[in-house]
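# Analysis of the macromolecular model
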There are 2 protein chains.
Amino acid sequence: MADNRRAIVLLSGGLDSTTTFAIAKQQGFLVYALSFDYGQRHATEIEAARRVAAKLGAAEHRVLTLDDAVFSGSALTDHVDVPKLRSDKEIAAGIPVTYVPARNTIFLAHALAWAEALAITDIFIGVNALDYSGYPDCRPEFISAFENMANLGTKAGVEGGRFTIHTPLISLSKAEIIRRAYDLGVDLSLTHSCYDPLPDGRACGQCDACQLRKKGFREAGLTDPLDYVK
Amino acid sequence: MADNRRAIVLLSGGLDSTTTFAIAKQQGFLVYALSFDYGQRHATEIEAARRVAAKLGAAEHRVLTLDDAVFSGSALTDHVDVPKLRSDKEIAAGIPVTYVPARNTIFLAHALAWAEALAITDIFIGVNALDYSGYPDCRPEFISAFENMANLGTKAGVEGGRFTIHTPLISLSKAEIIRRAYDLGVDLSLTHSCYDPLPDGRACGQCDACQLRKKGFREAGLTDPLDYVK
């Protein structure tokens, strides 16, 4: 990979997107980090994203505000209870209430607009198809369809550029992602994954995201630096 | 077409999107109109969209605010001069500076999120491939790629719903669109197409959009109710 290549990395400040940032960096990309502020329950996400962008050395970190009315019908944005202490089987079965309509489509569309404005053709997103909790927009076939659309719907694509949506975590288990982060020297105490954190920012320890993360650390044989409520 | 079917219609308040709204209505759809406020030069667009939504009877008209930083590198959003008095040949050649990176991708992504929240599977957009001024995201192959992505990346798509992106104007000339609007009884004095209107809201008469519109009226043998500066 040539030096000085530039990439957009979608950065929520969670474990997956932070590891994705570190992988893009390792591959020689100068990283332009993109986060979204959309009135989600966990505004602590944005603080985590800012910490990560600073610590990992983003060339620029842009936080775009999305209209609060954009997403609705999801536990992450509405007043729907975040499910707690679900079994692995429950987590794996079907699309959960924490699904946000077309979220990755909207995130990637914004990344594409920024990429085209900066003449960047590489976009990284930390989606994961194994421990993906049933989100349709984390599947490889969705990513591939988005990439195809991006190349047909942009000036850069039509004029011979070639957008690539990189998904380095797509086939990794949570434990493998955590090991990868450790191998890359990522400080995982910076990251935040909880769907329903306390006002003081501590992770609940019981939502799907906390449970997947805890299980991942157990399976990786590593200690999670996060301070959980339970 | 069954009664009481609902559709999202992307509504800029221009000639094309207004005619698209009227066509959706004629096809029996109850229309949910969606507009965007993104600090574009022509804020008069939004006023036009409100007039059209009220007059044509939208079930709801939602105006979403997009972050001003989303679009850049375009004459429509930055301080780039809007080209004036270009010849037909110049207008037809290549992608103009008024191209906005990934704009229709972002518009359609928001329409998709709202559609999924409302359990709607039909989305109308007034893109036009003949008089499209060289925008890659107005081409049928882009629309088809977006539709494919939507069905792979959403809960509704995965669970057997089928999103359809309707483009009733895609193969019509501007003159044919204008005739269609007249046949449907659309009051075209409500609409606004100019890329560079005066502060008093009047159309400049010389940008690509004004020129295409004027030419369309001439070819349709109809009189444009708009008051142009020139």
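Data block above holds the structure.
Sequence order as written defines the numbering, with residues in each chain counted from 1. The lettering of chains begins at A and the numbering of ligands begins at 1, in the order of writing. Where totals are concerned, whole chains, interfaces and linings use all residues; where local detail is concerned, this predicted model gives features only for residues with pLDDT of at least 70, and gives and counts side-chain atom pairs only at 80 or more.

In DSSP terms, a helix is any run of H or I states spanning at least four residues, a strand is any run of E spanning at least two, and both are numbered starting from the N terminus. Each helix and strand counted, chain A has 8 helices and 5 strands in total. Helices (α) and strands (β) of chain A occur, in sequence order from the N terminus, as β-α-β-α-β-α-α-β-α-α-β-α-α. Scored against the burial criterion, the 230 residues of chain A give a buried share of 55%. With C-beta atoms placed from the backbone, a contact is any residue pair whose C-beta atoms sit within 7 Å. Pairs at least 24 apart in sequence give 71% of the contacts found in chain A among residues at least 6 apart. Residues are called buried when their C-beta atom has 20 or more other C-beta atoms within 10 Å, exposed when it has 12 or fewer, and partly exposed otherwise; all C-beta atoms are positioned from the backbone.

In this section: the relation of the copies chain A and chain B. Relating one copy of the chain to the other requires a rotation about an axis plus a shift along that axis. Least squares is the method used to superpose the copies, on C-alpha atoms of residues holding a pLDDT of at least 70 in both. Relative to chain B, chain A is turned by 180° and slid 0.0 Å along the rotation axis, the superposed coordinates differing by an RMSD of 0.0 Å. The relationship between the two copies is best expressed as a two-fold rotation axis. When the interface residues of chain A are mapped onto chain B, 100% of them again fall at the interface, so both copies present the same face.

Let's shift gears to the sheet that holds strand 4 (residues 122-124) of chain A. Residue and element names in this part refer to chain A. The strand order across the open sheet built from 5 strands is 3-2-1-4-5, with neighbouring strands paired in parallel fashion. Strand pairing shows two members of the sheet lacking a second neighbour, strand 3 (60-65) and strand 5 (164-166), which therefore form its edges. Averaged over neighbouring strand pairs, the angle between their axes works out to 25° when direction is ignored. Direction of pairing for strand 1 (residues 5-10) relative to strand 4: parallel, over a ladder of 3 bridges. If you follow Ile-8 over to strand 4, its bridge partner there is Ile-123. Fitted lines through C-alpha atoms serve as axes, helices being fitted only where they are in contact, and the angles separating the N-to-C directions of these axes extend from 0 to 180 degrees. Most of the contacts of helix 1 (residues 15-26) go to strand 2 (residues 29-37), to which it runs at about 160°, and overall it touches strand 1, strand 2 and strand 4. Strands qualify as paired when DSSP identifies two bridges or more between them.

Moving on to helix 1 (residues 15-26) of chain B. All names here are of chain B. Along its 12 residues, helix 1 runs 17 Å from first to last C-alpha, staying within 8% of the 16 Å computed at 1.5 Å per residue. Of all 12 residues that make up helix 1, 10 are buried, and the element is covered over most of its length. Of the residues making up helix 1, those classed as buried are Leu-15, Asp-16, Ser-17, Thr-18, Thr-19, Thr-20, Phe-21, Ala-22, Ile-23 and Ala-24. Looking at the buried positions of helix 1, the neighbouring elements they touch are strand 1 (5-10), strand 2 (29-37), helix 2 (44-56), strand 4 (122-124), helix 7 (174-183) and helix 8 (208-220). Phi for Gly-28, located one or two positions after helix 1, is positive at around 95°. A helix is expected to reach a length of 1.5 Å times the quantity of its residues less one.

When buried Ala, Val, Leu, Ile, Met, Phe, Trp, Tyr and Cys residues are joined through C-beta atoms within 7 Å, the set is termed a nonpolar core. In this structure, A:Ile123 and B:Ile123 are the most contacted members of the largest nonpolar core, which totals 126 residues. Apart from residues no more than four positions distant in its own chain, A:Ile123 is found in contact with A:Ala7, A:Ile8, A:Leu108, A:Ala111, A:Leu112, A:Ala115, A:Phe163, A:Ile165 and A:His166.

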